[in-house]
Amino acid sequence: MTSIRSRSFNSLGKFAALAFATSVVSAAPTTVSDTSLLQDKAVHLQRDLLEKHWLDGLYVSIVPVAPPGTRLPHTVNQPGNVIHAGVWTGRYLAGVGYQYAVTRDPAVRRQGGQILQALHVLQEATGKPGLLARGYVKGHGPVEGWERNGQDSPKWHQGQGKYADYRWHGDVSVDNFNAVLYGYAIYYDLAASAAQRRMIHADVDRLMTHLLDNHCRIIDVDGAVTLWGHVGIDPDPARDDYYRELYARRFRQVTATNEPWQPPLRASLMLLPDLLIAHHITGEDRYAEFYDRVVARFKDNPDHRLETGPLTLERLARINHSSEGQAYEALFNLIRYETRPDLLSLYRTWVENLWDVNWMEGNPLFTWMTLALVPEYRDPLRPGVAATTAGRIAHGDEAVRLALETLRGYPLDRVLRPVMNSLRVDLERNPYARREALSAHPIPIGQRPLDNEYAWKGNPYQMDGWLKATITGFLTACDDPLVNWCTDSAGGFYRTLDGGVTWEELSEGLRGVRVQRIAASTRRTFVLQAQTDQGTFVTRDGGLSWRPLGTADAMAFPVADFHRWQAVSPGLNCRVNEHGQLVLSHDSGKTEQSAMNGWRIPRASSVFVTARGLVASGPGGCYQSRDGATWTELRIWPEYETGAADFLHAYWMGRYYGFVPKRR
């Protein structure tokens, strides 16, 4: 394959990303919408990424909602979801590589340099050569918001020495590892300066040395294999018993009784490109030799798990789109660097198998990769000028149309909001879906729930997502209508002191117990009791601190029936009817009218009559109204938004290969 040899460039200055963000802003149109030109959307989304999701080159995918132009600190006190920062940063690096190849903008290369430095810190912060961290923030102590009630605490570690001010998360998985290698390969070929290539060389060599020294496994700082740390199968026969036991259940599912241990080559799909990438970048023969050993040992073994045949709704219901994204990513560099016809033919059958179940989904990343890889890999004639046509592959023209439609429909609003398409009668459902509601056909990207971090690994058939908890209890202080408390179906406990404008969660004082019901004193403002899954508790400071309470001193905890009529005012009643609608009645329940105007999802689960009107909740959120006619959303739970590294990766890849026109 051919590569773009990039010119050398000076190392990054302290404010390189800020300068690049400024240049992006200057190029952006004054107003951008979902229907704007793709290049204008790219400028807008890259600016947002650099403002909100940027930690000195590390891409932090999910962050608290903030106004445009806000630069978030990404410290232990406001970290964002850094637990998955490594995998998305690696993929975004590939997008930056494509962007530089198209634009030849030195500022883009400087941005790439910051990403390389961030990936370097992911290794260095662990203190163990070749071991990646999942992500890091700056600061010391507990990481607010992402500790998951302490469940992730054992995986957080404090950096040492030069990185003592970094708090990093361990337990790195194969998808993190492979995404970083994927990004290194693309950027190395298309954008890296001589100095950056040397940096990539050193970091790739360390990563792969760790992997091979540990028999194709990622070993954490505690000396154990990480949870998803098996990158492939070591071809050494002495390791057979280990892998036979590790994959015993999977092996039994697809093989006949007494069939010998014969792992297929595809079981090492995540390992194969890593070895070729390492050989390509470092020139070290040991990586090519190990690759040859893996191929020689497993190439001719039967592949029982390779599912082929007609695409049915039953088969669609079983597809793991996240795993497919990892497979495409692995195959892309595997085919780019492989030269032997027999292996290329085999690897392309794997691509074609993926394509059979993905071509109709409008996934731009999968589409561009397939067009570039099948029937043979082709670089563009020059950046932006395609060397192949869509008609050369099955369904190619239709797939390109759908992929461009997805990019055009990609929403600029990245807030993770509730979506409940399962209520729609215009969408055919997949009757074989068991774990969640799935449609029978792909849902346009602007109508489906946002994938939590990377749209191209999401399920385009997913109907519902980000649904809110139900408000199970709502109380007002005895002498102050602006002081309210509520509980939700997740066991959380919340308080507002300003009538619902702002809320704070106070569950921490309950030491992890789940609140079921609450009752408030009729004489003292901040005295409450909570019925929980671990007994009754009392607070005398509004929920900041709690102590256990004997049942003899417990208040009455009434059980609400939201289907019964509640009096709102003389002549006006409300309830949640049998169809999940909040309704009002002006004639004592003889007739009823829906009262959900302005709700995001027209379904209600609970309703409370308070001193300031109605408070009601459903899967779309919690709302407040004086009269049931006009509703205001109460933002009880923290809100988050995700960045657009997925769009930028797919857009610039499409531009590089000539599949996305510049003015489109």
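Please read all numbers here as calculations on a predicted model, not as lab measurements. (Residues numbered from 1 in each chain as written. Predicted model: local features only at pLDDT ≥ 70, side-chain atom pairs only at ≥ 80, totals over all residues. Heavy atoms only, no water.)

Got a minute to help me understand the overall build of the protein in this structure?
The helix and strand tally for the protein stands at 16 helices and 27 strands. The globule rule puts the C-alpha radius of gyration for 664 residues at 26 Å, and the 28 Å found for the protein is close to it. C-alpha extents for the protein along the principal axes are approximately 80 × 65 × 55 Å. Classification of the 664 residues of the protein by burial places 56% in the buried group. Sequence separation of 24 or more characterises 62% of the internal contacts of the protein that already satisfy a separation of 6 or more. Approximately 28300 Å² of the protein is accessible, and the part contributed by carbon and sulfur atoms is 50%. Between the mean site of the 72 positive side-chain charges and the mean site of the 72 negative ones, the protein shows a separation of 3 Å. (Helix = DSSP H or I, 4+ residues; strand = E, 2+ residues; numbered from the N terminus. Rg over C-alpha atoms; globule rule 2.2 N^0.38 Å. Buried < 20%, exposed > 50% of the residue type's maximum accessible area, 1.4 Å probe, protein only. Contact = heavy atoms within 4.5 Å. Areas by Shrake-Rupley, 256 points an atom, 1.4 Å probe, with all protein chains shown as cover. Lys, Arg positive; Asp, Glu negative; His and termini not counted. Charge placed at Lys NZ, Arg CZ, Asp CG, Glu CD.)

Is there a simple way to explain the side chain of Arg 336 in this structure?
Looking at the element boundaries, Arg 336 is found in helix 12 (residues 321–337). Within the local environment of Arg 336, its side chain forms a polar contact with the side chain of Tyr 337, the two groups lying 3.0 Å apart. (Polar contact = N/O pair within 3.5 Å; in protein donor to acceptor, adjacent residues only side chain to side chain.)

Would you take a moment to explain unusual backbone geometry for this structure?
Backbone phi values are negative for most residues with the exception of glycine, while trans is the configuration of most peptide bonds. Of the consecutive residues Val 374 and Pro 375, the connecting peptide bond is found in the cis state with omega at 0°. The backbone of Trp 466 sits at a positive phi, close to 60°, despite the residue not being glycine. In this fold, Trp 466 is placed in the loop between strand 10 (464–465) and strand 11 (471–477). Given the relative accessible area of 36%, Trp 466 is considered partly exposed. Positive phi is not limited to glycine here, since Ser 588 has a value of about 60°. Summarising the element assignment, Ser 588 is placed in the loop between strand 21 (582–585) and strand 22 (593–594). Given the relative accessible area of 65%, Ser 588 is considered exposed.

Sorry if this is basic, but what is going on with the packing of helix 9 (residues 271–282) against helix 12 here?
To describe two helices that pack against each other, one gives the angle between their axes and the distance between the axes. Where helix 9 meets helix 12, the closest approach of the two axes is 8 Å, and the angle between their N-to-C directions is 50°. Regarding the angle of helix 9 to helix 12, the classification is oblique. Where helix 9 crosses over helix 12, the handedness of that crossing is left-handed. Along its contact with helix 9, which presents Leu 272, Pro 273, Leu 276, Ile 277 and His 280, the element helix 12 presents Ala 330, Asn 333, Leu 334 and Tyr 337. Tallied by class, residues from the contact of helix 9 with helix 12 come to 7 nonpolar, 2 polar and no charged. (Axes fitted to C-alpha atoms, helices over the stretch in contact; angles between N-to-C directions. Parallel < 35°, antiparallel > 145°, perpendicular 65-115°, else oblique. Left-handed = near helix turned anticlockwise from the far one by under 90°. Nonpolar A, V, L, I, M, F, W, Y, C, P; charged D, E, K, R; others polar.)

It is not clear to me how the pattern of salt bridges should be interpreted in this structure. Could you clarify?
Think of it this way: side chains of opposite charge can pair up when their charged atoms draw near. Across all of its chains, the model carries 26 salt bridges by this definition. Between Asp 56 and Lys 138 there is a salt bridge, with its nearest N and O atoms 2.6 Å apart. Here the residue Asp 56 occupies a position in the loop between strand 1 (54–55) and strand 2 (58–59), and Lys 138 occupies one in strand 4 (residues 135–138), the gap between them amounting to 82 residues. On the basis of relative accessible area, Asp 56 is assigned to the partly exposed category, the value being 39%. Residue classification places Lys 138 among the partly exposed positions, given a relative accessible area of 31%. Connected through salt bridges with shared partners, the residues Asp 48, Lys 52 and Glu 641 form a single ionic network. (Salt bridge = Lys/Arg side-chain N within 4 Å of Asp/Glu carboxyl O.)

Looking at this structure, I do not really get the sheet that holds strand 5 (residues 156–158). What am I missing?
By way of backbone hydrogen bonds, the strands of a sheet pair with one another, either parallel or antiparallel. Here 3 strands make up an open sheet; going across it, the order is 4-6-5 and the pairing antiparallel. Each of the sheet's edge strands pairs with one partner strand only, and the pair in question is strand 4 and strand 5. Ignoring strand direction, the axes of neighbouring strands in this sheet form an average angle of 25°. With 4 bridges joining them, strand 4 and strand 6 (residues 166–169) adopt antiparallel strand pairing. Residue Tyr 136 lies in a different strand from strand 6, and its bridge partner there is Trp 168. (Pairing = 2+ DSSP bridges.)

How do you make sense of the packing of aromatic side chains when you look at a structure like this?
Throughout the structure, instances matching the rule amount to 30 aromatic pairs. Chaining the aromatic ring pairs together yields one cluster made of Tyr 98, Tyr 182, Phe 332, Trp 368, Tyr 377, Tyr 656, Tyr 657 and Phe 659. The cationic tip of Arg 239 hangs over the ring face of Tyr 242; the distance from NZ or CZ to the ring centre is 4.7 Å. (Phe/Tyr/Trp six-rings, centres within 6.5 Å; stacked < 30°, edge-to-face > 60°. Lys NZ or Arg CZ within 6 Å of the ring centre and 35° of its normal.)

Is there a simple way to explain the sheet that holds strand 20 (residues 572–576) in this structure?
On the basis of which strands lie adjacent, the open sheet formed by 4 strands has the order 19-20-21-22 and antiparallel pairing. The open sheet has two edge strands, strand 19 (566–569) and strand 22, and neither has a second partner. As paired strands, strand 21 and strand 22 are joined by 2 bridges and run antiparallel to one another. Considered in strand 22, the bridge of Leu 584 is made with Gln 593.

In this structure, what is going on with the packing of helix 2 (residues 38–52) against helix 16 (residues 645–657)? I would like to understand it.
Contact geometry for helix 2 and helix 16: axes closest at 10 Å, N-to-C directions at 140°. Judged by the inter-axis angle, helix 2 sits oblique to helix 16. For the pair helix 2 and helix 16, the crossing hand works out as left-handed. When helix 2 is examined against helix 16, the residues Leu 38, Gln 39, Lys 41, Ala 42, Leu 45, Gln 46 and Leu 49 are found in contact with a partner set consisting of Ala 645, Phe 647, Leu 648, Tyr 651 and Arg 655.

Teacher, can you tell me more about the nonpolar core here?
Generally speaking, soluble globular proteins have nonpolar side chains that are buried together. Counting 145 residues, the largest nonpolar core has Tyr 98, Tyr 184, Phe 332, Tyr 347, Trp 368 and Phe 647 as the members making the most contacts within it. Residue contributions to this core peak at 12 residues, all from helix 5 (residues 174–190). In this structure, Ile 471, Phe 562, Met 596 and Tyr 623 belong to the second largest nonpolar core, which totals 28 residues. (Core = buried A, V, L, I, M, F, W, Y, C linked by side-chain atoms within 4.5 Å.)

Before we go on, may I ask you to explain the environment of Leu 265 in this structure?
Counting through the fold element by element, Leu 265 comes out in the loop between helix 8 (248–254) and helix 9. Judged by relative accessible area, Leu 265 falls into the buried class, the value being 2%. Sequence spacing of Leu 265 and Ile 233 is 32 residues, and the spatial spacing of their C-alpha atoms is 9.0 Å.

Even after reading the chapter, I still don't get helix 10 (residues 285–298), so can you show me in this structure?
A turn of α-helix holds 3.6 residues, and therefore any two residues three or four places apart point the same way. Taking 1.5 Å per residue, 14 residues should reach 20 Å; helix 10 reaches 20 Å between its end C-alpha atoms and fits that length. Every buried residue of helix 10 is listed here: Tyr 287, Phe 290, Tyr 291, Val 294, Val 295 and Phe 298. Projected onto a plane normal to the axis of helix 10, the buried residues spread over an arc of 140° and lie on a single side. Contacts made by the buried residues of helix 10 are with helix 6 (194–213), helix 9, helix 12 and helix 13 (341–356). (Expected span 1.5 Å × (residues − 1). Arc of directions from axis to C-beta.)

How do you make sense of the environment of Gln 123 when you look at a structure like this?
With respect to the element layout, Gln 123 can be found in helix 4 (residues 106–124). Gln 123 sits in the buried class, given a relative accessible area of 2%. Along the chain, Gln 123 and Asp 285 lie 162 residues apart, while their C-alpha atoms are 24 Å from each other. Beyond its immediate stretch of four places on either side in the chain, Gln 123 contacts Lys 128, Gly 130, Leu 131, Leu 132, Tyr 184, Asp 203, Arg 206 and Leu 207.

Just checking my understanding: could you explain the pairing of strand 24 (residues 613–618) for this structure?
Within a regular strand, side chains alternate between the sheet's two faces. Extensive coverage of strand 24 is indicated by the burial of 6 of its 6 residues. Summarising the sheet, strand 23 (residues 606–610) and strand 24 pair through 5 bridges and their orientation is antiparallel. In the sheet register, Val 609 faces strand 24, and the bridge partner there is Leu 614. Hairpin geometry of strand 23 and strand 24 is characterised by an intervening segment of 2 residues between the two adjacent antiparallel strands. In the sheet, strand 24 pairs with strand 25 (residues 621–625) via 5 bridges, with the strands oriented antiparallel. Paired with Val 615 across the bridge in strand 25 is Gln 624. Count of turn residues in the strand 24/strand 25 antiparallel hairpin: 2 residues.

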